[in-house]
Amino acid sequence: MKSRDAVTFVARSLFTTDALPERDRFAAWRALFSAHDLDADPQGFSGRIETTLIGPMALRVMDAAPQGPARSRSQIRRDGQDGFVLHLSRHPYSVETEQGVVEVPAGAVSLNDLSQPYRRSRVSETHSLILAVSRACMATVLPDEDSMHGLILHGGAGRLLADHIRSLAAHSDAITTADAAAIAQATLHMVAACARPSLEGAARAAAPLDAARLRAAKRLLRHQLSAPPRIDAMARTLGMSRSQLYRLFEPEGGVARYLARQRLAAVRAALDNPLDGRSISAIGEAYGYGSSAHLSRAFREAYGLNPRDYRASGGV
């Protein structure tokens, strides 16, 4: 039987701005959190954070002046950081993602994906608890972990998860290296148990919502057949990201193929109209074809005749 002297405990570290000159405190704090842009008042800033490594997870206890962390697309491209952050605050706050803004009540756990943009409103960190988990670990319990960005875990299961995280923080100095992996795995399973109902509910709501968004996106594209599609503007109008918009059009063969079919259909309708006296090149330009050769080739592939022969045949 091993003696207590042989027991080793997980690594813990402490960072505080207290020993630094006041003018240097916010810069030092910001350097510590380089994965985020921080919205905070540098004047009089102070912060303290204690980190405990529990197997593949990092648990942080934070006390700091009001701050609002954010991840932008440019920063994501620049640093390539990945993984998930669970945040448990004693104060209410809001989180903005590309899906919109959600309000997080005090005591709820918010979950954000570091590979996706988000911005949290400025709020005091009063013994806030932050759990950092790698994507690989999260994927072992939730294969659809890409859908977890922006989840708010509250209600009965969320309160159990919050209590578990608080207990980890309260007893972090007693976690041994021998027990760390098992504790981390139990925590991951609890996160999955809390997140799965939200993910399943989102999946049930996604089908009709996506169908409505696809109809709206098609209408937008049909109104801009003469110009390249403005994907960013469309995504903002529809309240989704570029990647979500592209996924929406996968059953159509993609945005470009859908748009090409609509342009050819519009050209064909113009050629079918005996009252439309425009030249073929003018019709092509009206629907985004910069050259007659390009139009002729695409039209023949779609309908078996070039536009001139199609018009001459009366559309037969």
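Residues numbered from 1 in each chain as written. Predicted model: local features only at pLDDT ≥ 70, side-chain atom pairs only at ≥ 80, totals over all residues. Heavy atoms only, no water.

Colleague: Tell me about the overall build of the protein, and please be specific about residues and values.
Modeller: Counting its regular elements, the protein contains eleven helices and eleven strands. Here the C-alpha atoms of the protein give a radius of gyration of 27 Å, more than 25% beyond the 20 Å that 2.2 N^0.38 yields for 316 residues. With respect to the three principal axes, the spread of C-alpha positions in the protein is 95 × 50 × 30 Å. Residues classed as buried in the protein amount to 41% of the 316 residues present. In the protein, the proportion of contacts linking residues at least 24 apart, taken out of those at least 6 apart, comes to 70%. On the protein, roughly 16700 Å² of surface is accessible, and the fraction owed to carbon and sulfur atoms is 53%. (Helix = DSSP H or I, 4+ residues; strand = E, 2+ residues; numbered from the N terminus. Rg over C-alpha atoms; globule rule 2.2 N^0.38 Å. Buried < 20%, exposed > 50% of the residue type's maximum accessible area, 1.4 Å probe, protein only. Contact = heavy atoms within 4.5 Å. Areas by Shrake-Rupley, 256 points an atom, 1.4 Å probe, with all protein chains shown as cover.)

Colleague: Outline the pattern of salt bridges, supporting the account with residue identities and numerical values.
Modeller: Scanning the model with the defined rule gives 13 salt bridges in all. Between Arg-261 and Glu-252 there is a salt bridge; the shortest N-O distance is 3.0 Å. Look at Arg-261 and you get partly exposed, because its relative accessible area is 40%. One salt bridge connects Asp-276 with Arg-278, and the closest N-O pair in it is separated by 2.8 Å. A relative accessible area of 15% places Asp-276 in the buried class. (Salt bridge = Lys/Arg side-chain N within 4 Å of Asp/Glu carboxyl O.)

Colleague: Can you explain the pairing of strand 8 (residues 109–113)? Please cite residues and give values.
Modeller: Strand residues, when the strand is regular, have side chains that alternate between the two faces of the sheet. Across the five residues of strand 8, five count as buried, placing the element largely inside the fold. Covered by surrounding structure in strand 8 are Val-109, Leu-111 and Asp-113 together with Ser-110 and Asn-112, the residues of both alternating faces. Relative to strand 8, strand 5 (residues 84–88) runs antiparallel, the two sharing five bridges. Within strand 8, the position partnered with Val-85 by the bridge is Asn-112. (Pairing = 2+ DSSP bridges.)

Colleague: Tell me about the state of the cysteines, and name the residues and values.
Modeller: Scanning the model with the defined rule gives zero disulfides in all. The thiol of Cys-137 is not disulfide-bonded; the next cysteine sulfur, from Cys-194, is found 18 Å away. The exposure class assigned to Cys-137 is buried, which follows from its relative accessible area of 15%. Taking the relative accessible area as the measure of exposure, Cys-194 reaches 8% and is therefore buried. (Disulfide = S-S within 2.5 Å.)

Colleague: Give a description of the packing of aromatic side chains that names residues and reports values.
Modeller: Counted according to the given criterion, the structure contains eight aromatic pairs. Ring geometry for Trp-29 versus Phe-33: centroids 5.0 Å apart, planes at 45°, classification tilted. Both residues of the pair, Trp-29 and Phe-33, belong to the buried class. Feature note: the residues Phe-15, Phe-26, Trp-29, Phe-33 and Phe-45 constitute an aromatic cluster, connected by ring pairs. Of note, Arg-120 hangs over the ring of Tyr-93, and the distance from its end group to the ring centre comes to 5.1 Å. (Phe/Tyr/Trp six-rings, centres within 6.5 Å; stacked < 30°, edge-to-face > 60°. Lys NZ or Arg CZ within 6 Å of the ring centre and 35° of its normal.)

Colleague: Quick rundown of the side chain of Arg-135? Include the residues and the values.
Modeller: Counting through the fold element by element, Arg-135 comes out in helix 3 (residues 135–141). By relative accessible area, which is 17% here, Arg-135 ends up buried. At 2.9 Å, the side chain of Arg-135 forms a polar contact with the side chain of Ser-115. Excluding residues within four positions of it along the chain, Arg-135 makes contact with Asp-82, Gly-83, Phe-84, Asp-113, Ser-115, Glu-145 and Asp-146. (Polar contact = N/O pair within 3.5 Å; in protein donor to acceptor, adjacent residues only side chain to side chain.)

Colleague: Run through helix 6 (residues 231–238), naming residues and quoting values.
Modeller: What helix 6 keeps buried is the set Ile-231, Ala-233, Met-234, Ala-235 and Leu-238. After helix 6 finishes, the residue Gly-239 shows a positive phi value of roughly 70°.

Colleague: Which residues make up the nonpolar core, and what are the values?
Modeller: Counting residues in hydrophobic clusters, the biggest one holds 33 residues, and the most contacted among them are Leu-86 and Met-148. Listing elements by their share of this core, those giving two or more residues are strand 4 (57–71), strand 5, strand 8, strand 10 (123–133), helix 3, strand 11 (151–153), helix 4 (155–170) and helix 5 (177–222). Element by element, the count of residues in this core is highest for helix 5, at seven residues. Counting 20 residues, the second-largest nonpolar core is a separate cluster that includes Phe-45, Ile-49, Ala-64 and Val-123. (Core = buried A, V, L, I, M, F, W, Y, C linked by side-chain atoms within 4.5 Å.)

Colleague: Any details on the pairing of strand 4? Residues and values, ideally.
Modeller: Of all 15 residues making up strand 4, twelve are buried, and the element is well covered by its neighbours. Where strand 2 (residues 37–40) meets strand 4, four bridges bridge the pair, whose relative direction is antiparallel. Directly across from Ala-40, in strand 4, lies its bridge partner Gln-67. Alignment of strand 3 (residues 47–54) against strand 4, held across eight bridges, turns out to be antiparallel. In the sheet register, Ile-49 faces strand 4, and the bridge partner there is Met-62. Between strand 3 and strand 4, which pair antiparallel in sequence order, lie two residues; one of them, Gly-55, sits at a positive phi of approximately 60°. Note that strand 4 and strand 10 share seven bridges and pair antiparallel. For Met-62, the partnering residue across the bridge sits in strand 10 and is Ser-128. Where strand 4 lies against strand 9 (residues 118–120), two bridges are found, and the strand directions are antiparallel. Note that in strand 9 the partner of Ala-70 across the bridge is Arg-119.

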